[in-house]
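Chain residues, written in single-letter form:
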Amino acid sequence: MTILQVALDVPLPRLFDYRLTGESQGSLIGRLVKVPFGQGVKFGVVVNEAATSDHPDAKLKSAELIDNLPALPADWLALCQFCARYYHYPLGQVMAFALPPLLRKGKTPRITKPKHESAVPPAPTFNTATPDQAAAIDAILGATGFQTFLLHGVTGSGKTEVYLRAIAAVLERGGQALMLVPEIALTPQLESRVSARFPGTHVVSAHSGVADAARARAFLAALEGRAAIVLGTRLSVFMPLPRLQLIVVDEEHDASFKQQDGLRYSARDVAIFRARQRDIPIVLGSATPALETFHHAASGRYTKLDLPLRAVAAAMPTVTTIDTRKQKLQDGLSAEMISAIGERLGRGEQSLIFLNRRGYAPVLACPACGWISHCRRCAANLVLHLADRRLRCHHCGLEVMIPHACPDCGNLDLQPFGRGTQRLEASLVERFPTARILRIDRDSASSPQKWQTLLATIHADGADILVGTQMLAKGHDFPKLTLVGVVGADAALFAADFRAPERLFSQLMQVGGRSGRAHLPGAVLIQTEYPDHPLYRALIDHDYAAFANEQLAERQAAGFPPFAFQALLRAEAPEIAQALEFLGTAVARAEELGAPDIMLYDPVPMRLVRLKNRERAQLLVESRSRPALQNFLAGWMTRLYACKTPRELRWHLDVDPQEF
Ligand code: ADP
Ligand code: ZN
Ligand code: ZN
């Protein structure tokens, strides 16, 4: 009798044995099965076949073969196994995450015709590649097997053009290409650019905005080799692609490639594993590569390709700091900033004022007694949203009406403190009453439709001043935008997270890169109390390498990644003491293992200690050696899974954590 070892969506790091009802034709590895489990049934994937089981034959229940899905290919199974091993997450849960929900439940999506089959293919116009682009394309296409490229190109240098040409060559060879992009906001633009470029080619997109049926169809199209290009956010790294020949990760530094719950994977890192597994090239593109990536390129592990010049614009925008210590600001804006906006208005050009804080003000306070608007579920303040008269928690979503008097002392004169995009918008409306002002943040662009409408307005020349958060920082090309003003960025210079400067630098470089992308020269003005800070100096010089090298030297001295490898064990419970107690137990289990190359820090409460009424603590584990860390984690997890924990306690492991 054949025993099927099945991966099931349960939080246990093991497989489950079943026997097959009836005869099987050949191997069943990779097939979906329906099995009895506990009181109910579950769907799972056959991972192994064995001749015997540890369970007595009579106790083995039988599995039913499901026909909605062809066998998942061996390399897809190996990819899931890699993630289970590396992130120490149960294989069945990795697969449940990687499979579209419909298919995983044994359902078959209705087949529809691909939409562009009947359309008349538009005739795409091709630019001639610049010499730098041509060199990059040649290098990528010249790869004979696994090779990781860092395409380091300034904003507007034509990186996308390089990807598209490399993809074109891959399609000509009969291959499939996978292109990963950051979260949803950018995909519609890119989708139309790609479809226009490859008329008649079956392009599928995969992101969280794609409906279940479409997602299942895309998965099948990729698996059966009908789709030649898969374009999508981090999730699409799990698309099965039998003829995969090239992977592109655009904006590879972007934080959205790391998932922050469940399977805490980095799609960029998984993509690199996948390229190695398939022995194919992978291109990581960015204007501000992650320091890890830059470090690997410097050491020769990755091949660096440079696009130092903009493709269309004559020059990079000029970057200038405005020293705000020496003047009184008017509604948070300096005289220079106000007159620079005024000049753009006079010339009919666009300005973008970047403030990465949404809402009207970060807190509402009572000057009489010191009351401030706290979230009752989190260790955080409620943000004042005047636009819809609410106080809102940006961590848990709690909403309350704005009190008309202080809840503690009855004072009627409550005051907003600090400034968010709504307040900035209001003061700009007052100062420039005839200008068309558009605020763009997650509140004004709360749905994909609203976001598309806002973008269309900007493109149709329907806005003079944009006020926005980082939503606007990425990828967009607004030809008339010639001024980017940055306000309120200083706080991030001194944040506690060692990655904060890296994030700030890349954010400012990206948002500054929106300025002067076409034929009009661009300017970036940064209001700051620290005009001589090295981070701002590097921005002024457009010198990513100087900034990166300085940061890397600091990290090396401090023993931070990429010079060390980390994992975080996090626990949460109604009371912080319970969370800390579990982490204490975890330390004891770790010490039993006696791993000499591993550094265990003390369990500490998280910075945002309470979230949604649960209190959180974490424990950092670090090693100079990735294999040593992985080895240790494997033994440690086995022990932790065996621990009895109180029902209300939850814990998880985050390998290569990005946020602390
Ligand atoms: P990036 O991805 O580096 O920000 P894009 O690929 O979006 O840059 O290119 C920026 C702009 O330059 C786009 O409008 C693009 O059409 C144009 N462009 C890119 N390469 C060329 C080229 N070789 N000749 C002319 N225009 C180009
Ligand atoms: Zn009060
Ligand atoms: Zn809250």
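Described in the following lines is the structure provided in the data block.

Conventions used here
- Residues numbered from 1 in each chain as written.
- Chains lettered and ligands numbered in written order.
- Predicted model: local features only at pLDDT ≥ 70, side-chain atom pairs only at ≥ 80, totals over all residues.
- Heavy atoms only, no water.
- Phe/Tyr/Trp six-rings, centres within 6.5 Å; stacked < 30°, edge-to-face > 60°.
- Helix = DSSP H or I, 4+ residues; strand = E, 2+ residues; numbered from the N terminus.
- Buried < 20%, exposed > 50% of the residue type's maximum accessible area, 1.4 Å probe, protein only.
- Near = heavy atom within 4 Å.
- Polar contact = N/O pair within 3.5 Å; in protein donor to acceptor, adjacent residues only side chain to side chain.
- Areas by Shrake-Rupley, 256 points an atom, 1.4 Å probe, with all protein chains shown as cover.
- Nonpolar A, V, L, I, M, F, W, Y, C, P; charged D, E, K, R; others polar.
- Contact = heavy atoms within 4.5 Å.
- Axes fitted to C-alpha atoms, helices over the stretch in contact; angles between N-to-C directions.
- Parallel < 35°, antiparallel > 145°, perpendicular 65-115°, else oblique.
- Left-handed = near helix turned anticlockwise from the far one by under 90°.
- Core = buried A, V, L, I, M, F, W, Y, C linked by side-chain atoms within 4.5 Å.

To continue, consider the packing of aromatic side chains. If you walk through the whole model with that rule in mind, you get 17 aromatic pairs. Ring geometry for Phe-16 against Phe-37: centres 5.4 Å apart, planes inclined by 90°, an arrangement best described as edge-to-face. Of the two residues, Phe-16 sits in strand 2 (residues 16-20) while Phe-37 sits in strand 3 (residues 32-37), which places them 21 residues apart along the sequence. Take Phe-37: its relative accessible area is 25%, and that puts it in the partly exposed class. Both rings, one in Trp-76 and one in Phe-219, keep their centres 6.3 Å apart while their planes meet at 90°; by these two values the pair is edge-to-face.

In the vicinity of ligand 1 there are 17 residues, among which Thr-128, Gln-133, Gly-156, Lys-159 and Thr-160 approach most closely. Between ligand 1 and Gln-133 there is a distance of 2.8 Å, counted from a nitrogen atom to a side-chain nitrogen or oxygen. Within the backbone of Ser-157, a nitrogen or oxygen atom sits 3.3 Å from an oxygen atom of ligand 1. In isolation ligand 1 exposes 560 Å². Once the protein is present, 77% of that is buried. When residues of the shell around ligand 1 are assigned to their parent elements, the largest contribution, 3 residues, is made by helix 5 (residues 159-172). For the shell around ligand 1, a count of residues per class yields 4 nonpolar, 8 polar and 5 charged.

Here we take up the environment of Phe-478. Considering the arrangement of structural elements, one finds Phe-478 in the loop between strand 21 (465-468) and strand 22 (481-486). Here the alpha-carbon distance between Phe-478 and Arg-193, two residues 285 residues apart in the chain, equals 16 Å. With residues up to four places along the chain from it excluded, the contact list for Phe-478 reads Gln-350, Leu-455, Ile-458, His-459, Leu-472 and Arg-514.

Here we come to the environment of His-295. Within the element layout of this structure, His-295 appears in helix 9 (residues 291-298). A sequence separation of 268 residues divides His-295 from Phe-563, and the C-alpha atoms of the two residues are 9.5 Å apart. The contact partners of His-295, leaving out residues within four places of it in the chain, are Leu-552, Pro-562 and Phe-563.

Let us look at the packing of helix 1 (residues 74-87) against helix 8 (residues 267-278). Pairs of packed helices are described in terms of their axes, by the angle between the two and the distance that separates them. Contact geometry for helix 1 and helix 8: axes closest at 11 Å, N-to-C directions at 135°. As the angle between them shows, helix 1 and helix 8 are arranged oblique. Like other packed secondary-structure pairs, helix 1 and helix 8 cross with a definite hand, here right-handed. Along the contact surface, helix 1 presents Asp-75, Ala-78, Leu-79, Phe-82, Cys-83 and Tyr-87, while helix 8 presents Asp-269, Val-270, Phe-273, Arg-274, Gln-277 and Arg-278.

What follows covers the nonpolar core. Leu-569 and Trp-636 are the most contacted members of the largest nonpolar core, which has 84 residues in total. A total of 9 residues in this core trace back to one element, the largest contributor, which is helix 1. Every residue in contact with Trp-636, bar those within four places of it in the chain, is listed here: Leu-569, Ala-586, Arg-589, Ala-590, Leu-593, Leu-619, Val-621 and Leu-653. Residues Phe-294, Phe-354, Leu-454 and Val-486 belong to the second largest nonpolar core, which totals 39 residues.

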